[in-house]
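# A structural walkthrough
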Amino acid sequence: MIKTSEENDKYKITNISKTIKDQYGKEHTVYKIQALEDFGDVKKDDLGGYIETEWNLSIYENCWIYDEAIVYANARVTENAKIKNLVEISGEAFILGSATILDKAKIMDHVVVEGNAKIGYQAIVREYAYVGGNAVIFARSEVYGHSHIEGVVGLYTTNHPKIYGYAKVLAKAYVYENAQVFGYCKLLEGVSVHGRAKISHSALLKGKVNVKDYARVSGYVQIYGPVEIKGHARIYGHTVINADTEIGGYTLIYGHPRIGKDTGKIKIGQNKNTIKI
């Protein structure tokens, strides 16, 4: 049995082991853990998941690795975080707060997950991504780069959304189906991006903004809801939309146009429209 530190009266590392390979093909031997006392929803003598060393799971508070989940390399689980099912956490990932990782999710590299975040199904979070607040990442979502997630990514098991670059999806913003959000863009409360829509560059979306189908929003665009962008619409440049607007079809908007609140309800896109100012 692998020895643990003298102050560890929370769990022991058993002789039940297996060898796995990380994303680079390097082999790691991991060992099942067993509780030494009652804490949280864990009872004394309960078998948990696997760790490589004591570093992987804090000996304090109620954090725990359940089922067949694996935490190895320099990854660390602390505070009240829960790692369940067939999850794999590796690299230098740091899981803390009351975060829950479950199903077949994979967390790796330098990722930080905290707060009340939940990550599950077959989601992959890697590189320098940050996940916090009440974030939910499910389905086959991919989150990577320096992205910052506090909203919802992936709603259904068939979804495969991607968030990367320095993109931010903040509280109560939704990205799902096969949408992509990347660059330095920011999605704030009320925004929904789905279908095969793409949001990129430094775009800012706030309020009840619904972007779907094959729509594209890029550049230094600012959009404040209620706005719906659908079809094959493209919005680029320094466009600012701050009105009740519906944009669809093959509409192309670019340059420096301003669509303001005093224009009333606007519908653009019955045919091919181009707006440039």
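Note that the structure is predicted; figures quoted are calculated from it, not measured. (Residues numbered from 1 in each chain as written. Predicted model: local features only at pLDDT ≥ 70, side-chain atom pairs only at ≥ 80, totals over all residues. Heavy atoms only, no water.)

With that out of the way, let us pick up the overall build of the chain. Within the chain, the regular secondary structure consists of 0 helices and 38 strands. When each of the 277 residues of the chain is scored for burial, the buried share is 48%. Of all intrachain contacts in the chain linking residues separated by at least 6 positions in sequence, the fraction that spans at least 24 positions is 9%. On the chain, roughly 12,800 Å² of surface is accessible, and the fraction owed to carbon and sulfur atoms is 48%. Looking at charge distribution, the chain has the averaged site of its 35 positive side-chain charges lying 11 Å from that of its 31 negative ones. (Helix = DSSP H or I, 4+ residues; strand = E, 2+ residues; numbered from the N terminus. Buried < 20%, exposed > 50% of the residue type's maximum accessible area, 1.4 Å probe, protein only. Contact = heavy atoms within 4.5 Å. Areas by Shrake-Rupley, 256 points an atom, 1.4 Å probe, with all protein chains shown as cover. Lys, Arg positive; Asp, Glu negative; His and termini not counted. Charge placed at Lys NZ, Arg CZ, Asp CG, Glu CD.)

Right, let's talk about a nonpolar patch on the surface for a bit. On the surface, Leu155, Tyr156 and Tyr174 cluster together to form a nonpolar patch covering roughly 290 Å² of accessible area. Mapping Tyr156 onto the fold places it in the loop between β19 (152–153) and β20 (162–163). Classification of Tyr156 by relative accessible area gives partly exposed; the value is 47%. (Patch = residues over 30% accessible without salt bridge, like charges linked within 9 Å, V, L, I, M, F, W, Y side chains within 5 Å. Salt bridge = Lys/Arg side-chain N within 4 Å of Asp/Glu carboxyl O.)

Residues Asp9, Glu37, Asp38, Asp45 and Asp46 make up a contiguous surface patch of negative charge. Relative to the helices and strands, Glu37 is located in the loop between β2 (27–35) and β3 (47–51). What makes Glu37 partly exposed here is its relative accessible area of 31%.

Glancing now at the pairing of β2. Side-chain direction in a regular strand flips from residue to residue, so the side chains alternate between the two faces of the sheet. Along β2, 7 of the 9 residues are buried, which leaves the element largely enclosed by surrounding structure. Examined bridge by bridge, strand β1 (residues 11–21) and β2 share 8 bridges and lie antiparallel to one another. Pairing of Thr19 across the sheet is with Thr29, part of β2. Between β1 and β2, which pair antiparallel and follow one another directly, the connecting turn spans 5 residues, one of which, Gly25, has a positive phi of 90°. Here β2 pairs with β3 via 3 bridges, running antiparallel. Along β3, the bridge assignment pairs Lys32 with Tyr50. (Pairing = 2+ DSSP bridges.)

This part takes up the sheet that holds strand β34 (residues 245–247). As summarised here, the arrangement of the 12 strands in space is β4-β7-β10-β13-β16-β19-β22-β25-β28-β31-β34-β37, forming an open sheet in which the pairing is parallel. Edge strands, defined here as strands with exactly one partner in the open sheet, are β4 (64–65) and β37 (266–268). Examined bridge by bridge, strand β13 (residues 118–119) and strand β16 (residues 136–137) share 2 bridges and lie parallel to one another. Each bridged residue has a counterpart across the sheet, and for Lys118 the counterpart in β16 is Val136.

Take the environment of Tyr214 next. Its location among the elements puts Tyr214 in the loop between β28 (209–211) and β29 (216–217). Along the chain, Tyr214 and Lys230 lie 16 residues apart, while their C-alpha atoms are 6.8 Å from each other. Setting aside residues no more than four positions away along its own chain, Tyr214 makes contact with Arg196, Gly231, His232, Ala233 and Arg234.

Spatial ordering of the open sheet is given by β6-β9-β12-β15-β18-β21-β24-β27-β30-β33-β36, a layout of 11 strands whose pairing is parallel. Two strands lie at the open edges of the sheet, namely β6 (76–77) and β36 (258–259), each paired on one side alone. As defined by bridge partners, strand β24 (residues 186–187) adjoins strand β27 (residues 204–206) across 2 bridges and the pair is classed as parallel. Residue pairing across strands places Lys186 opposite Leu204, the latter belonging to β27.

This brings us to the side chain of Glu246. Mapped onto the secondary structure, Glu246 falls in strand β34. Residue Glu246 is classed as buried on the basis of its relative accessible area of 18%. Engagement of the side chain of Glu246 in a polar contact is seen with the side chain of Lys230, the distance being 3.1 Å. (Polar contact = N/O pair within 3.5 Å; in protein donor to acceptor, adjacent residues only side chain to side chain.)

Applying the stated rule across the entire model yields 6 aromatic pairs. Judged by centre distance (6.3 Å) and plane angle (75°), the ring pair of Tyr156 and Tyr176 falls under edge-to-face. Residue Tyr156 is located in the loop between β19 and β20, and its partner Tyr176 is located in the loop between β22 (174–175) and β23 (180–181); the two are separated by 20 residues in the primary sequence. With a relative accessible area of 13%, Tyr176 lands in the buried category. An aromatic cluster of three or more residues is present, and its members are Tyr11, Phe39 and Trp64. Across from the ring centre of Tyr50, 4.5 Å away, lies the NZ or CZ of Lys18, which sits over that ring. Residue placement shows Lys84 over the ring face of Tyr66; its charged tip is 5.4 Å from the ring centre. (Phe/Tyr/Trp six-rings, centres within 6.5 Å; stacked < 30°, edge-to-face > 60°. Lys NZ or Arg CZ within 6 Å of the ring centre and 35° of its normal.)

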